[in-house]
Amino acid sequence: MPAITLPDRTVRRYDAPVTGTEVAASIGPGLARAALAMKVDGALVDLATPIDRDAEVVFVTRRDPEALTLIRHDAAHVLAEAVQALYPGTQVTIGPAIDNGFYYDFARNEPFTPEDFAAIEAKMREIVARGAAFRRQVVPRDEAAALFAAKGERFKVELIRDLPDGEEISLYSQGEWVDLCRGPHMRTTADVGTAFKLMKTAGAYWRGDHRNPMLSRIYGTAWRDQKELDAYLHMLEEAERRDHRRIGREMDLFHLEEAAVGSVFWHPKGWRLYRTAESYMRRRLDAAGYQEVRTPQLVDRGLWEASGHWEKFREHMFVAQVEDEKRTLALKPMNCPCHVLIFRQGLRSYRELPLRMAEFGSCHRYEPSGALHGIMRVRAFTQDDAHIFCTEAQIADETVRFAELLASVYRDFGFTDFRVKFSDRPVVRAGDDATWDRAEGALKAACATAGITYELNPGEGAFYGPKLEFVLRDAIGRDWQCGTLQVDFVLPERLDAEYVGEDGARHRPVMLHRAILGSFERFLGILIEQYAGRFPLWLAPVQAVVATIVSDADTYAQEVAAALRAAGLAVETDLSNQKINAKIREHSLAHVPVMLVVGRREAEQRTVAIRRLGGEAQSVMPLDEAVAALAAEARPPDLR
RNA sequence: GCUGCUGUAGCUCAGUGGUAGAGCACUCCCUUGGUAAGGGAGAGGUCGUGAGUUCAAUCCUCACCAGCAGCACCA
């Protein structure tokens, strides 16, 4: 007879199997009303699930974190029912809860458009109001398949057919409407509540495979209550204001245009930001024992054939042909083969290893048009690339050093939490299993030593070796891979890199491909969104503006600007005949971190009134003092 | 690349089968004002590109290009 342990450690005993609903009711009417689902020994299940053995039970109410997933998943079912009621003949496929909401993929000849949302939402509200109970039913595989086949739901039939043997097949009904679903669900459709909204439509391939038919996906968001929904919608609006494409225009950092699709036109201010980041990285790499090189943009096809790129990545390469020459050249999509060519010059000794070869390498890749995104996904970009030639025994140590360098760089740029993915051996790969065991083992050990916690990204490694991906998030929560570390046993072999070992014999080095920022374009895009254009002083493209109150102060203002410039700051003057209010407003909107306001008083006393972006207070101080203080503050973090 | 949507002034956007409009920005004039918009005037557009329908196309149709969202891709 089940003894049920509740979170407060009290134990309730029942003389027969009981459902969560009954347990909740036996505890109290308040809980009976509030409980949406429960966790039995940690597993989230329906409230109606019978408990026939001793178990720890935790009830999930609307306040619990799990509730959001339940609400969203249930909302997806409500959406599917609404769509099938309104658009007969539409087939259902899958509809999970996701971050911030849910989606459902439908098969229909005519795709859905946002114009359909009003009708669908209205129908959804009806279904919620009706409050039909979710009922779970376990059925034999054949019966389930027959049921959906009879309805003409061929995608569901395919799902059922592909479920692994022994997997329980459950159906959930809400009134008349039935879906194949693992669950769990809440009690009734009414538990979804009213704080949901359909957001957008999109095409999505069946089972995520581009060879399959494209389905029509409807995205929605759902929350516990209207307040949460409003807050989310407001957050989205705010995020839109942080969009790097918008800030890039507003702050005059860069532009993109048809004349060079997928390439960035950096404007003076944007390029200053770029150079600040580049100079910083160069100092960090110098200090970390890297040697910087520069290799050609256009390289003969022969090298790409030897490296394997011609076979595997040709469709992503820009190829250049010259009229009166037989050679075919290609713009490099990666720097590594060129670095091997430098490594191969002369006879290398084991004493030179690890040899860390860095390049701010400009690469071109022909990315699919649909992949382009502002400056974060482009066709021409510059990586903070480096290849470490080392022995297998040195992999772990180099990984630790790299991880420390990366974390320190990210910290300096203001990124304190980033995610790490560990991508292990893919199905199609080079190298034997023993080599992979060693490579993955070395990388894992190195992660442990470096204190890196990662999520496993199974089967996503490069064909030549496992890799770590360092992922940053943009303003609206999209993930972007920036840093990476890849272990490569293949390229040194293909391009015949070797060194003379301690034993006098020739050996293959291992190559570690690594980047910290990834590409300047992507990283700066994320950086812009991270700060919403309000950069810390050392990164700001315009660090200070000297603004006059009256034109009598013009000469002094120019003197102030000259002094700041001499101290290495990026300064502009504003001698226009606007009121100081207008000047403050203008430069505040331009996110200039420091404004130095000068009038007759300051000119006479040789002081400046400093006003910080967004601040109310101003501090008046002697010019020399101000220059020294700002110069110190503007120093890059690695030089402090 | 796929699906859907979008493309009008530098920016944000309105609009019409009879070759276009607002706000902000810009230029000039007046204003010299102490910490987030002082006032006035002016200039500015082959209505993404190319075909087609029409007496007439920025508007309708088709194709292409580019952008946006998602999917797929991301060496």
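Residues numbered from 1 in each chain as written. Chains lettered and ligands numbered in written order. Predicted model: local features only at pLDDT ≥ 70, side-chain atom pairs only at ≥ 80, totals over all residues. Heavy atoms only, no water.

Colleague: What's the story with helix 20 (residues 623–633) in this structure? I'm lost.
Modeller: One turn of an α-helix holds 3.6 residues; hence residues three or four places apart share an orientation. Among all positions in helix 20, only Leu623, Ala626, Val627, Leu630 and Ala631 are buried. Viewed end-on, helix 20 has its buried residues packed into an arc of 125°, placing them on one side of the element. Of the surrounding elements, those touching the buried residues of helix 20 are helix 17 (554–566), strand 34 (594–598), strand 35 (607–612) and strand 36 (618–622). (Buried < 20%, exposed > 50% of the residue type's maximum accessible area, 1.4 Å probe, protein only. Helix = DSSP H or I, 4+ residues; strand = E, 2+ residues; numbered from the N terminus. Arc of directions from axis to C-beta. Contact = heavy atoms within 4.5 Å.)

Colleague: Even after reading the chapter, I still don't get the packing of helix 9 (residues 268–287) against helix 16 (residues 520–531), so can you show me in this structure?
Modeller: In a packed pair of helices, the relevant descriptors are the angle between the two axes and the axis-to-axis distance. Two numbers describe how helix 9 lies on helix 16: the axes approach to 11 Å, and their chain directions differ by 110°. Between helix 9 and helix 16, the crossing angle belongs to the class labelled roughly perpendicular. Considering how the two elements wind past one another, helix 9 and helix 16 form a crossing that is right-handed. Where helix 9 abuts helix 16, its residues Leu273, Tyr274, Ala277 and Glu278 lie against Phe520, Glu521, Leu524 and Ile528. Classifying every residue of the contact of helix 9 with helix 16 gives 6 nonpolar, no polar and 2 charged. (Axes fitted to C-alpha atoms, helices over the stretch in contact; angles between N-to-C directions. Parallel < 35°, antiparallel > 145°, perpendicular 65-115°, else oblique. Left-handed = near helix turned anticlockwise from the far one by under 90°. Nonpolar A, V, L, I, M, F, W, Y, C, P; charged D, E, K, R; others polar.)

Colleague: Looking at this structure, how should I read helix 13 (residues 395–412)?
Modeller: The end-to-end C-alpha distance of helix 13 is 26 Å, a good match for the 26 Å that 18 residues give at a rise of 1.5 Å each. Those residues of helix 13 not exposed but buried are Ile395, Glu398, Thr399, Val400, Phe402, Ala403, Leu405, Leu406, Ser408, Val409 and Tyr410. Immediately downstream of helix 13, the backbone of Gly414 shows phi near 95°, a positive value. (Expected span 1.5 Å × (residues − 1).)

Colleague: For this particular structure, what's the right way to read the sheet that holds strand 19 (residues 298–300)?
Modeller: Remark on secondary structure: sheet strands pair via backbone hydrogen bonds, oriented parallel or antiparallel. Taken in spatial order, the 3 strands make up an open sheet running 19-21-20, and their pairing is antiparallel. Edge strands, defined here as strands with exactly one partner in the open sheet, are strand 19 and strand 20 (319–321). Pairwise comparison of adjacent strand axes, ignoring direction, gives a mean angle of 40° for this sheet. Note: strand 20 against strand 21 (residues 328–331), 3 bridges, orientation antiparallel. Paired with Ala320 across the strands is Leu329, a residue of strand 21. (Pairing = 2+ DSSP bridges.)

Colleague: When you look at the UniProt feature "domain: TGS" (unreviewed entry) in chain A in this model, what are you seeing that I'm missing?
Modeller: As annotated by UniProt and renumbered to match this structure, "domain: TGS" (unreviewed entry) occupies residues 1–61. A helix fraction of 23% and a strand fraction of 38% characterise residues 1–61, whose end C-alpha atoms lie 26 Å from each other. (UniProt positions renumbered as here; feature names shortened; annotations may be inferred.)

Colleague: Looking at this model, I keep getting lost on the pattern of salt bridges. Mind explaining?
Modeller: Two side chains carrying opposite charge are able to pair once their charged atoms lie near each other. Inspection of every chain in the model, using the stated rule, returns 46 salt bridges. The partner of Glu367 in a salt bridge is Arg377, with the nearest N and O atoms 2.9 Å apart. One end of the pair, Glu367, is in the loop between strand 23 (355–364) and strand 24 (380–390); the other, Arg377, is in the loop between strand 23 and strand 24, with 10 residues separating them in the sequence. The partner of Arg478 in a salt bridge is Asp474, and the shortest N-O contact between them spans 3.0 Å. Given the relative accessible area of 6%, Asp474 is considered buried. The network of salt bridges with shared partners includes Arg425, Arg429, Asp433, Asp437 and Glu440. (Salt bridge = Lys/Arg side-chain N within 4 Å of Asp/Glu carboxyl O.)

Colleague: For this particular structure, what's the right way to read the protein's contact with RNA strand B?
Modeller: In the vicinity of RNA strand B, 53 residues are found, and the nearest of them are Tyr205, Ile549, Asn577, Arg585 and Gln618. The separation between a sugar or linking oxygen of RNA strand B and a polar side-chain atom of Glu258 is 2.9 Å. Ile549 has a polar backbone atom sitting 2.2 Å from a base nitrogen of RNA strand B. Listed by contribution, the elements that provide at least two residues to the surface near RNA strand B are strand 14 (196–205), strand 15 (214–222), helix 8 (244–250), helix 18 (580–589), helix 19 (600–605) and strand 35. The biggest single contributor to the surface near RNA strand B is helix 18, with 7 residues. (Near = heavy atom within 4 Å. Polar contact = N/O pair within 3.5 Å; in protein donor to acceptor, adjacent residues only side chain to side chain.)

Colleague: Please clarify how the packing of helix 13 against helix 14 (residues 433–450) should be interpreted in this entry.
Modeller: Between helix 13 and helix 14, whose axes approach to 8 Å, the crossing angle comes to 45°. The orientation of helix 13 relative to helix 14 falls into the category oblique. Where helix 13 crosses over helix 14, the handedness of that crossing is right-handed. Within the contact between the two elements, helix 13 uses Ile395, Ala396, Thr399, Val400 and Ala403 and helix 14 uses Ala442, Leu443, Ala446, Thr449 and Ala450. Across the contact of helix 13 with helix 14, the residue classes break down as 8 nonpolar, 2 polar and no charged.

Colleague: Please explain the sheet that holds strand 7 (residues 55–60) as it appears in this structure.
Modeller: Pairing is mixed in the open sheet, where 5 strands are placed in the order 2-1-7-4-5. At either end of the open sheet lies a strand with only one pairing partner, and these are strand 2 (11–13) and strand 5 (43–45). Pairwise comparison of adjacent strand axes, ignoring direction, gives a mean angle of 35° for this sheet. Inspection of the sheet shows strand 1 (residues 3–5) paired to strand 7 by 2 bridges, in the parallel sense.

Colleague: Sorry, what's going on with the side chain of Asp474 here?
Modeller: Secondary-structure assignment places Asp474 in the loop between strand 27 (467–473) and strand 28 (479–488). Of the polar contacts made by the side chain of Asp474, one reaches the backbone nitrogen of Arg478; its length is 2.8 Å.

Colleague: I'm lost on the domain arrangement of chain A in this one. Help?
Modeller: By convention, interface size is frequently given as the accessible area that disappears when the constituent parts associate. Under the domain assignment, chain A is made up of domain 1 (3–60), domain 2 (65–228), domain 3 (254–531) and domain 4 (544–639). Measuring from the centre of the C-alpha atoms in domain 1 to the corresponding centre in domain 2 gives 27 Å. Of the residues lining the interface, 12 residues belong to domain 1; the matching set on domain 2 comes to 10 residues. Its largest share of buried area at the contact with domain 2, domain 1 owes to Leu36, Leu44 and Asp46, together 62% of the area lost on that side. Connecting domain 1 to domain 2 are 1 salt bridge. Among the ionic pairs, Lys39 bridges to Glu66, the shortest N-O distance being 2.6 Å. For the side of domain 1 that touches domain 2, the elements supplying multiple residues, two or more each, are helix 2 (29–34), strand 4 (37–40) and strand 5. Among the elements that line the side of domain 1 that touches domain 2, the one with the most residues is helix 2, at 3 residues. Class assignment of the residues belonging to the side of domain 1 that touches domain 2 gives a composition of 9 nonpolar, no polar and 3 charged. (Domains from an automatic or database assignment. Buried area = accessible area lost by both parts, 1.4 Å probe.)

Colleague: Explain the pairing of strand 12 (residues 170–174) here, please?
Modeller: A regular strand places its side chains on the two faces of the sheet in alternate fashion. Burial runs high along strand 12: 5 of the 5 residues are buried. Residues Ser170, Tyr172 and Gln174 point to one face of strand 12 and Leu171 and Ser173 to the other, with burial holding for every one of them. In this sheet, strand 12 lies alongside strand 11 (residues 134–138) in antiparallel orientation, the contact comprising 5 bridges. Looking at strand 12, one finds that Phe134 is bridged to Gln174. Across 4 bridges, the pairing between strand 12 and strand 13 (residues 177–180) is antiparallel. Looking across to strand 13, one finds that Leu171 is bridged to Leu180. Hairpin connection between strand 12 and strand 13: a loop of 2 residues separates the two successive antiparallel strands, and Gly175 in this loop has a positive phi of roughly 70°.

Colleague: Would you mind showing me how to read the UniProt feature "binding site: Zn(2+)" (unreviewed entry) in chain A here?
Modeller: Per the UniProt record, "binding site: Zn(2+)" (unreviewed entry) is found at Cys336, His387 and His513. The largest pairwise C-alpha distance within this set of annotated residues, which runs over 178 residues, is 7.7 Å, so the set is compact in three dimensions. Its location among the elements puts His387 in strand 24. Those residues in contact with His387 that sit more than four places away from it in its chain are Asn335, Cys336, His339, Leu355, Arg356, Met357, Met511, Leu512 and His513.

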